[in-house]
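The residues making up each chain are set out below.
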Amino acid sequence: MADITASNEGFHGYEKPPHISKWEAFKIFIYNPEKGSVLGRTGSSWAKILLFYLIFYSVLASMFGIMLWIFYHTLDPRVPRWTLDQSLVGNVPGLGFRPWPNDTDSKSTLIWYRGKEKLSYKFWTDTLESFLDVYRRPGLTPGRGQNIYNCDYDRPPGRGQVCDVDVKNWFPCTSENNFNYHQSSPCVFLKLNKIIGWQPEYYNETEGFPDNMPGDLKRHIAQQKSINKLFMQTIWITCEGEGPLDKENAGEIQYIPRQGFPGYFYPYTNAEGYLSPLVAIHFKRPKTGVIINIECKAWAKNIYHDRKEGIGITHFEILVD
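Residues numbered from 1 in each chain as written. Predicted model: local features only at pLDDT ≥ 70, side-chain atom pairs only at ≥ 80, totals over all residues. Heavy atoms only, no water.

> Quick question: what am I supposed to make of the pattern of salt bridges here?
According to the stated counting rule, one finds eleven salt bridges in the structure shown. Here Lys225 and Glu205 are joined by a salt bridge, their closest N and O atoms 3.1 Å apart. Taken together, the residues span a long stretch of sequence, with Lys225 in helix 5 (residues 215–227) and Glu205 in the loop between strand 7 (187–192) and helix 5 at a distance of 20 residues. In this structure Glu205 comes out as partly exposed when scored by relative accessible area, which is 48%. Here Arg307 makes a salt bridge to Glu242, at a shortest N to O gap of 2.6 Å. Here Arg307, found in the loop between strand 12 (292–299) and strand 13 (313–320), pairs with Glu242, found in the loop between strand 8 (234–241) and helix 6 (244–250); they are 65 residues apart in sequence, far enough to count as distant. (Salt bridge = Lys/Arg side-chain N within 4 Å of Asp/Glu carboxyl O. Helix = DSSP H or I, 4+ residues; strand = E, 2+ residues; numbered from the N terminus. Buried < 20%, exposed > 50% of the residue type's maximum accessible area, 1.4 Å probe, protein only.)

> Where do I start with the nonpolar core in this structure?
Most often, soluble globular proteins keep nonpolar side chains buried together rather than apart. Core analysis: the biggest nonpolar cluster contains 59 residues, and Phe189 and Ile237 have the highest contact counts within it. Counting residues per element, this core draws most heavily on helix 4 (residues 118–136), which supplies six residues. For Phe189, the contacting residues outside a window of four places in its chain are Gly96, Phe97, Arg98, Leu128, Phe131, Leu132, Trp170, Cys173, Phe179, Leu278, Val279 and Ala280. Judged by nonpolar contacts, the second largest core, of eight residues, contains Tyr203, Phe209, Trp236 and Trp299. (Core = buried A, V, L, I, M, F, W, Y, C linked by side-chain atoms within 4.5 Å. Contact = heavy atoms within 4.5 Å.)

> For this particular structure, what's the right way to read helix 5?
One turn of an α-helix holds 3.6 residues; hence residues three or four places apart share an orientation. In a regular helix each residue adds 1.5 Å, so 13 residues correspond to 18 Å; helix 5 covers 19 Å between its end C-alpha atoms and thus fits that length. Regarding helix 5, the residues found buried are Leu217, His220, Ile221 and Gln224. End-on view of helix 5: buried residues confined to an arc of 100 degrees, all on one side of the axis. Counted as exposed and oriented over 90 degrees from the buried face of helix 5: Arg219 and Ser226. In the core, the buried residues of helix 5 are packed alongside strand 8 and strand 12. (Expected span 1.5 Å × (residues − 1). Arc of directions from axis to C-beta.)

> Looking at this structure, how should I read the state of the cysteines?
Simply put, disulfide is the name for a covalent bond between the sulfur atoms of two cysteines. By the definition in use, this model includes three disulfides. Disulfide partner of Cys151: Cys163, at an S-S distance of 2.1 Å. Around the S-S axis, the bridge from Cys151 to Cys163 shows a dihedral of about -90 degrees and counts as left-handed. Taken as a pair, Cys151 in the loop between strand 5 (148–149) and strand 6 (162–163) and Cys163 in strand 6 lie far apart in primary sequence, twelve residues in all. Here Cys173 is linked by a disulfide to Cys187, with a sulfur-sulfur distance of 2.0 Å. Judged by the torsion about the S-S bond (-75 degrees), the Cys173/Cys187 disulfide is left-handed. Taken together, the residues span a long stretch of sequence, with Cys173 in the loop between strand 6 and strand 7 and Cys187 in strand 7 at a distance of 14 residues. Here Cys173 matches Cys187 in class, with each residue buried. (Disulfide = S-S within 2.5 Å.)

> Would you mind showing me how to read empty space enclosed by the protein here?
Tallying each qualifying case throughout the model produces one cavity of 30 Å³ or more. The volume enclosed by the largest cavity comes to roughly 60 Å³. In this structure, the largest cavity is lined by Pro93, Leu192, Asn193, Lys194, Ile195, Trp198, Tyr266, Tyr268, Tyr274, Ser276 and Pro277. Class assignment of the residues belonging to the lining of the largest cavity gives a composition of eight nonpolar, two polar and one charged. (1 Å grid on protein atoms, 1.4 Å probe; cavity = no way out; pocket = protein on both sides within 12 Å on 5 of 7 lines; lining within 4 Å. Points joined across faces, edges and corners; volume = space filled by probe spheres on them. Nonpolar A, V, L, I, M, F, W, Y, C, P; charged D, E, K, R; others polar.)

> Just to check I follow, could you spell out the pairing of strand 12 for this structure?
Consecutive side chains of a regular strand alternate in pointing toward one face of the sheet and then the other. Of all eight residues making up strand 12, seven are buried, and the element is well covered by its neighbours. Bridge count between strand 8 and strand 12: six bridges; the pairing is antiparallel. Bridge pairing in strand 12 places Thr238 opposite Lys297. Where strand 12 and strand 13 come together, six bridges link them in antiparallel fashion. The residue bridging Asn293 from the neighbouring strand is Glu317, located in strand 13. (Pairing = 2+ DSSP bridges.)

> What is the right way to read the packing of aromatic side chains from this model?
Remark: the centre distance and the inter-plane angle together describe each pair of aromatic rings, the angle taken between the planes. Summed over the entire model, instances satisfying the criterion amount to 19 aromatic pairs. With centroids separated by 5.0 Å and ring planes inclined at 40 degrees, the aromatic side chains of Phe97 and Trp100 adopt a geometry described as tilted. Taking 6.3 Å as the distance between ring centres and 85 degrees as the angle between the ring planes, the aromatic pair formed by Phe283 and Phe316 counts as edge-to-face. Here the residue Phe283 occupies a position in strand 11 (residues 279–283), and Phe316 occupies one in strand 13, the gap between them amounting to 33 residues. You can call Phe283 buried: its relative accessible area is 1%. (Phe/Tyr/Trp six-rings, centres within 6.5 Å; stacked < 30°, edge-to-face > 60°.)

Printed below as a string of structure tokens:
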């Protein structure tokens, strides 16, 4: 009995702590005056853990910064690491047209206006003026046009130079002439997408043309070769109505300044101030009051045509009321 009493006396040091409410327990957790702790940690404990995370994140940020610095020093600011077949862009340029319709339906390719009504065709002429502004004022390009060179087939650009695209004299497809929209014979501009390092393969001979190349273009290429063999170094362009009725309604088409993109603009190297070559398509006498489906193609040995992907080909409609 004495042993049991002695044993019970030994438990006096492990008495159950006094009961406190949840609110009191929360206040003690926030600040415990007996231990001098805040949120369960003393000042020295907080200092140690903050010092640890400060050093940890400083080292982590330094390692990330060093790796990023090394990575950027392996890149060329003008030429991407992956080009042509290795890039997402691919190795065949797409063909585009301007003016682009301002439509809520992004798939719309209809150029429509009412004859000689200025308010009707103003959107299209304003769009073209905005697009051609950088061509008309070379000072807007990076480098302020200081490296622009007057190229020709026998005068390709030198290192660091870019070729001039003088659209100011492409009458009737000029801003001063409203791009001939007021005469119900509008102009549409074509351009190839820029692909760094892409070099066209020309049809240097008048044989071996693809079967689907229009006969008019074959004759034109042969004629250009007889004038100057250097003219063969051109990415040729054709535009025509998609169907027999469209061809008839489209009427005569004029290419300004020539029927293609000169080869001295290629390869594109992302040189400062470079501007893509353009071709103006002038519809001389399109039939009014009907929608005319137009299909334009670029021709080179290493350009194939895929309308769905917009490669080497473009489509739009013209409606002049």
